[in-house]
Amino acid sequence: IRVGFKQAAVGMSQFNAFMQTNISLVITGSYPDFTIDYSKIVVSKGTLTGASGTSTEAVAGRTVNVNWTDNSGTGDAMANDNALVLLLNPTKDNVVSSTVDAIREDATLALTVPENWVGEQVHVFLAFANANADKVADSEHLGEITIVA
């Protein structure tokens, strides 16, 4: 949230910007039957050129592969922009994330999740931040996948 909402947090904390953006998007229903639409969560909000050609898959070894097309040179996208990947497991109320393990030109990132996530549904999000982490792209929900052993 600190990186993903740094650019959008004008006159407020990054957490407040995150909450302001998401509260009306992700919570549906009426009291007392509220539900959360995890696919609508915004984990990053900014003006940097976003991802293109995205895909994700769960592979053996509790690994999630996140792929994108290197669109460096499109708009303000740079080859050294950091990939921001977030794996959200609502059942476990936990996340696995990476902010520095891959850059835009890598076009892929593999993340390993905890053993107790096997068989669980996980939401996958991708965004980018420039090298100074002062400019970010809007996040993209890549889908929901099932973790395999």
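Refer to the structure presented above.
A quick note: this is a predicted structure, and the numbers were derived from the prediction, not measured. (Residues numbered from 1 in each chain as written. Predicted model: local features only at pLDDT ≥ 70, side-chain atom pairs only at ≥ 80, totals over all residues. Heavy atoms only, no water.)

### Observations regarding the pattern of salt bridges
Right, so step 1: Summed over all chains, the structure comprises 4 salt bridges.
Right, so step 2: Of the charged contacts in the structure, one is a salt bridge between Lys 40 and Asp 37, with a shortest N-O distance of 3.8 Å.
Right, so step 3: For Asp 37, a relative accessible area of 25% translates into the label partly exposed.
Right, so step 4: Residues Lys 92 and Glu 120 are paired through a salt bridge, measuring 3.5 Å at the closest nitrogen-oxygen approach. On the criterion of sequence distance, the pair formed by Lys 92 in the loop between β5 (82-89) and β6 (94-98) and Glu 120 in the loop between β7 (108-112) and β8 (121-129) is long-range, its members being 28 residues apart. (Salt bridge = Lys/Arg side-chain N within 4 Å of Asp/Glu carboxyl O. Buried < 20%, exposed > 50% of the residue type's maximum accessible area, 1.4 Å probe, protein only. Helix = DSSP H or I, 4+ residues; strand = E, 2+ residues; numbered from the N terminus.)

### A short note on the sheet that holds β6
Right, so step 1: Judged by pairing direction, the sheet is antiparallel, and its 4 strands sit side by side in the order β6-β5-β8-β9 without closing on themselves. Of all strands in the sheet, those bounded by a partner on one side alone are β6 and β9 (140-146). Strand-to-strand, the axes of this sheet are offset by a mean angle of 20°, without reference to chain direction. (Pairing = 2+ DSSP bridges. Axes fitted to C-alpha atoms, helices over the stretch in contact; angles between N-to-C directions.)

### Points about the sheet that holds strand β4 (residues 63-67)
Right, so step 1: The sheet built from 3 strands is open, its strands ordered β3-β4-β7 with antiparallel pairing. If you trace the sheet from one side to the other, it starts and ends with β3 (55-59) and β7, each paired once. Going across the sheet, the axis of each strand differs from the next one's by a mean of 20°, ignoring polarity.
Right, so step 2: Sheet topology note: the β4/β7 ladder contains 5 bridges and is antiparallel. Bridge pairing in β7 links Asn 67 to Thr 108.

### Examining the side chain of Thr 63
Right, so step 1: By the element assignment, Thr 63 lies in strand β4.
Right, so step 2: Exposure remark for Thr 63: the relative accessible area of 14% places this residue in the buried category.
Right, so step 3: Among the polar contacts listed, one links the side chain of Thr 63 to the backbone oxygen of Gly 61, at a separation of 3.1 Å.
Right, so step 4: Discounting residues that sit within four places of it in the chain, Thr 63 has contacts with Glu 57, Ala 58, Ala 110, Leu 111 and Thr 112. (Polar contact = N/O pair within 3.5 Å; in protein donor to acceptor, adjacent residues only side chain to side chain. Contact = heavy atoms within 4.5 Å.)

Fair warning: the whole summary comes from geometry, so function is off the table for now.
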